[in-house]
Amino acid sequence: MTMVRLVIDGHAINGESGTSLLQAWVAAGLPLVGNVGCMGQGVCGACRVLVRRPNERLAQTGLACETLVEEGMQVAFINISRQRRPHSYDLHALGDSWDAIARIDEIFPEATRCRHCGGCDAACPKGIEVEKMVNLAAVGQTLAAAELFDDCVQCNLCVAACPEHIDPAHLGQLVRRMTASMTLRPSDLIMRLHELEAGEQTIDLDSPGTLPQVSDDADVETADLETADVETADLETADLETAVVETAEIENADVENAQIENEEVQ
Amino acid sequence: MSTGIAYETALQEWRQTAPADPRPLDLPVSELLSNFHPDRKPGARSKLVIGPNAGEECPNTLSRLLQSDSLLEDVDIAGAPTSEADVLVIGGGGAGCIAALTAARAGARVLLATKLGLGDSNTVMAEGGIQAAVGADDSVQQHFEDTIRAGHFAAKKELVAALVTGGPSAIRWLIQEGMDFDLADGTQRMGGTLRYKTAGGASVPRLLSFRDFTGLELMRAVREATLLQPNLTLLTHHPALELLTDDRGHCAGAVLYDFAHGQEVVVRSAVTVLATGGSGRLHLSDFPTSNHYGATADGLVLAYRLGARLRDVGSFQYHPTGVAWPPPLEGQLVSEAARSSGAFLVNGLGQRFVNELQPRDVVASAILREIDEGRGITRDGKVGVFLDTPSLERDNPGILARELVTLGNLARRGGFDPAEEPFLIRPTLHYQNGGVEIRTTGHTSVPGLLAAGEVTGGLHGHNRMMGNALLELVVFGRSAGANAAADARRERPRNVGLTHLADWRRAMESEGLPLDRKAPQLFPYYGNFDPVRDRRRGA
């Protein structure tokens, strides 16, 4: 195992090469109580860091769970509050889509003042074309703008980077949420909702399909029957567990047990 | 289980046989599960001796936490700053945000407290999708039966019925909040149809998705809505240390810990909603986990100490394909999509050993058996079996780039090409099947305490179906939020304090349990933060 030396938030530590900054931080015995969430999947955006490598003039942003340790790295966690901010709106009171551009401009007036500095693009750890999204949103090309933000993890690094206080991460969410809530109307979902409202879709709690022996295809059936033997033990425990709660349920479970026993007899 | 076949040798075996011939399990499923499923391994569980579930078995690590003393004494909260809320929601993942939003929109003054940041949760990590029976060939009854069957007939039927009938309106609600969904090929946003994928154990395709990061898309919309919601105060980095009680034993709020200031704060509330999620980061039986960093069973501990009944608390889901090597990615999920697209599992002898499309508990147990019996593959001290992605790519050219994007990203971060080299995988602790028992309204057995999401028990029986976790947090998050707001209009708690702790400590002492064992632990053992020792220090 190769060790590298690096500095995180002022602590000079040794990290095992191949491990992430977060893993090296905890392996060095340092307390990890914030700036962490999914711990490696790179989807929660909580572990933002500023990283400077030896002989590089500029520091780069990244996620500590996805960035591997390197010799001589200088690392600082970046705390950005995601709490309430000035760009507020009620998605359900945006009016109709004819006014979308006007609403976007009202809520995010700074969006038309992008100075094309590219700071947001450089800050994004996911390589999103943030500036392009801002420019598209500002001229009402909401669907195109929304698609550019598919991979956003709401780390808010673009928010911190923007000198015009555009809040790109939240603008991106506005156009995405507008697009979905105003334009997505799947017919299958709507039909099923109507059926449910009309009482045409109901549940039979004790249908044959809820009992162990019924199955839809042979493969699954074998698996179920095999597990069923084991499940007898479990159901007995289940009986005890449910005993306090509902008698009806216990009766069901008893029926299930009885059926399993029948199968064993066969 | 440290013994196995060296990686280089195993790679040669794999090259010789790839693609390996099918080889069914040579052991009855019942024997496989009872010998190799981690829930059932001898010595892994012990009986609870105090609390509402005394007499029932539970994994050792969890049982130690459930039967622990509080971190607090009355004196700790005597001078603590106090806030008031109609509804206190504990937990800032999907269920917590949705409960808080719903309660605030119903007119309640809501306080949402979360241990990490808003949305830093298992919800945001969900890849596959959310189940809802919307297809013309599908029905809520079929979804009901599939769920009952997948849970080995141990789920509470009334809860499952509420889950599946609430499915379609949950999807409408999500769209109204601004969540996007994949559409069937060639259909339009207005009047088209949703794309359905098949979840393991489903009789028809019903899994709705957004790419292979459905949870991220859900959490983005819901997080933004929560941030913007009037009447909703957020306290991030405020874990709950203990629930409060009034003189009738009703839940009356919670004591939180303010990391920024290194002190306890008291929140008095008419109703409390527990949405603290799961417990993968307890690493039961030393398993790696796919869970987020904060999943340490805090909610189970607090609810149990207050007298809330738990259900199926010994049942956990181990996802068959977690990364075993390289170490930085250990425990992370390789999506089930790999196996459902046809990727094989291969042991160190170049052999397949199970039908890869069996239910998750069966496949996971079969992998653990290979490892236990010395046919696993060892690399840098890690052990697992191969997921044969190169053969999958060879048989379906382009499939990795086209359909398994997240898998490709994962491999790239691991420094290898999945078209050339198989993944080394091992089961990973994925989901807490049981939890705090709830009614369909979200009420627990303790008045004033509701719960929603992974912290609850009863919906999944002994095995959760893919896609039901995201649905659960929407359906039950909404109903818990609505009922909490309604309950908060009735009476408010009086004489609030930590009165339940006296009885709890007496029970611990009478069973000879050590009072120096404290919980909740808040963070994994390697987080270098001991809530007893380090609390005064702040962050």
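About the cut-offs
- Residues numbered from 1 in each chain as written.
- Chains lettered and ligands numbered in written order.
- Predicted model: local features only at pLDDT ≥ 70, side-chain atom pairs only at ≥ 80, totals over all residues.
- Heavy atoms only, no water.
- Helix = DSSP H or I, 4+ residues; strand = E, 2+ residues; numbered from the N terminus.
- Rg over C-alpha atoms; globule rule 2.2 N^0.38 Å.
- Buried < 20%, exposed > 50% of the residue type's maximum accessible area, 1.4 Å probe, protein only.
- Contact = heavy atoms within 4.5 Å.
- Areas by Shrake-Rupley, 256 points an atom, 1.4 Å probe, with all protein chains shown as cover.
- Lys, Arg positive; Asp, Glu negative; His and termini not counted.
- Charge placed at Lys NZ, Arg CZ, Asp CG, Glu CD.
- Buried area = accessible area lost by both parts, 1.4 Å probe.
- Salt bridge = Lys/Arg side-chain N within 4 Å of Asp/Glu carboxyl O.
- Polar contact = N/O pair within 3.5 Å; in protein donor to acceptor, adjacent residues only side chain to side chain.
- Nonpolar A, V, L, I, M, F, W, Y, C, P; charged D, E, K, R; others polar.
- Phe/Tyr/Trp six-rings, centres within 6.5 Å; stacked < 30°, edge-to-face > 60°.
- Lys NZ or Arg CZ within 6 Å of the ring centre and 35° of its normal.
- Pairing = 2+ DSSP bridges.
- pLDDT = per-residue confidence, 0-100.

### Structural notes on the overall build of chain B
Then step 1. Tallying secondary structure elements over chain B gives 17 helices and 20 strands in all.
Then step 2. For 539 residues, the compact-globule formula gives about 24 Å, and the C-alpha radius of gyration of chain B, at 23 Å, lands near that figure.
Then step 3. The principal-axis extent of the C-alpha atoms belonging to chain B is close to 75 × 60 × 40 Å.
Then step 4. Put simply, chain B has 539 residues, and 67% of those count as buried.
Then step 5. Excluding contacts between residues fewer than 6 apart, the proportion of contacts in chain B whose partners are at least 24 apart in sequence is 74%.
Then step 6. About 17,000 Å² of surface is accessible on chain B, with carbon and sulfur atoms providing 49% of the total.
Then step 7. Taking the average location of the 54 positive side-chain charges in chain B and that of its 62 negative ones, the two points are 3 Å from each other.

### A few points about the interface of chain B and chain A
Then step 1. The partner chain A presents 86 residues to the 92 residues of chain B that form the contact.
Then step 2. In total, about 7,600 Å² of surface goes out of reach between chain B and chain A, with carbon and sulfur atoms giving 52% of it.
Then step 3. Across the chain B-chain A interface, the total number found is 6 salt bridges.
Then step 4. B:Arg413 is paired through a salt bridge with A:Glu66; the nearest N and O atoms lie 3.9 Å apart.
Then step 5. Here chain B is connected to chain A by 36 residue pairs in polar contact (both at pLDDT 80 or more).
Then step 6. When residues of the side of chain B that touches chain A are traced back to their parent elements, those giving at least two are helix H2 (29-36), helix H6 (140-150), helix H7 (157-165), helix H8 (167-176), helix H9 (214-228) and strand S8 (232-235) of chain B.
Then step 7. In terms of residues, the side of chain B that touches chain A owes the most to one element, H9(B), which gives 10 residues.
Then step 8. Residues that form the side of chain B that touches chain A fall into these classes: 43 nonpolar, 23 polar and 26 charged.

### Here's the deal with helix H10 (residues 298-305) of chain B
Then step 1. Of all 8 residues in H10(B), 8 are buried; the element is thus mostly enclosed.
Then step 2. Phi turns positive, to about 105°, at B:Gly307, one or two residues after H10(B).

### Quick look at the pattern of salt bridges
Then step 1. Counted by the stated rule, this structure contains 51 salt bridges over all chains.
Then step 2. The residue A:Glu70 makes a salt bridge to A:Arg53 at a minimum N-O spacing of 3.1 Å. Within this pair, whereas A:Glu70 is found in the loop between strand S4 (60-63) and strand S5 (74-77), its partner A:Arg53 is found in the loop between strand S3 (48-52) and S4, the two being separated by 17 residues in sequence.
Then step 3. A:Glu70 sits in the partly exposed class, given a relative accessible area of 33%.
Then step 4. By relative accessible area, A:Arg53 is classed as buried at 18%.
Then step 5. B:Arg352 is paired through a salt bridge with B:Glu356; the nearest N and O atoms lie 2.7 Å apart.

### Some points on the packing of aromatic side chains
Residue and element names in this part refer to chain B.
Then step 1. The final tally for this structure, using the stated rule, is 13 aromatic pairs over all chains.
Then step 2. Between Tyr293 and Phe523 the ring centres are 5.7 Å apart and the planes differ by 35°, which places this aromatic pair in the tilted class. Linking Tyr293 in the loop between strand S11 (263-274) and H10 with Phe523 in the segment after helix H17 (500-510), this pair joins segments that are 230 residues apart in sequence.
Then step 3. Overall, the relative accessible area of 0% leaves Tyr293 in the buried class.
Then step 4. Ring pairs connect the aromatic residues Tyr257, Phe259, Tyr293, Phe523 and Phe529, which therefore count as one cluster.
Then step 5. A cation over a ring is seen here: Arg379 above Trp325, with NZ or CZ 3.5 Å from the ring centre.
Then step 6. Its end group placed over the ring of Tyr431, Arg464 keeps NZ or CZ at 4.1 Å from the ring centre.

### Points about the pairing of strand S1 (residues 3-8) of chain A
All names here are of chain A.
Then step 1. The two faces of S1 differ: Val4, Leu6 and Ile8 on one face are buried, but Met3, Arg5 and Val7 on the other face are not.
Then step 2. In this sheet, strand S2 (residues 11-16) lies alongside S1 in antiparallel orientation, the contact comprising 6 bridges. Among the inter-strand pairings, Met3 is bridged to a residue of S2, identified as Glu16.
Then step 3. In this structure, the hairpin formed by S1 and S2 is closed by a connection of 2 residues, where Asp9 is found at a positive phi of approximately 45°.
Then step 4. In this sheet, S5 lies alongside S1 in parallel orientation, the contact comprising 2 bridges. Along S5, the bridge assignment pairs Val7 with Gln74.

### Digging into the sheet that holds strand S20 (residues 456-457) of chain B
Then step 1. Read from one edge to the other, the open sheet built from 3 strands follows the order S12-S18-S20 (chain B), with strand pairing classed as mixed. Each edge of the sheet is formed by a strand with only one pairing partner; in this case those strands are strand S12 (310-311) and S20 of chain B.

### Overview of the confidence of the model for chain A
Then step 1. Averaged over all residues, the pLDDT of chain A equals 83, while 78% of them reach at least 70.
Then step 2. The model gives residues 214-266 of chain A a pLDDT under 50, and that stretch makes 69 contacts with residues more than four places away or in other chains.

### Some remarks on the side chain of B:Asp487
Residue and element names in this part refer to chain B.
Then step 1. By the element assignment, Asp487 lies in helix H16 (residues 468-488).
Then step 2. Looking at Asp487, the relative accessible area reads 17%, which means it is buried.
Then step 3. Polar contacts involving the side chain of Asp487 include one to the side chain of Arg490, which spans 2.9 Å.
Then step 4. The residues contacting Asp487, other than those within four sequence positions of it, are Val271, His443 and Leu450.

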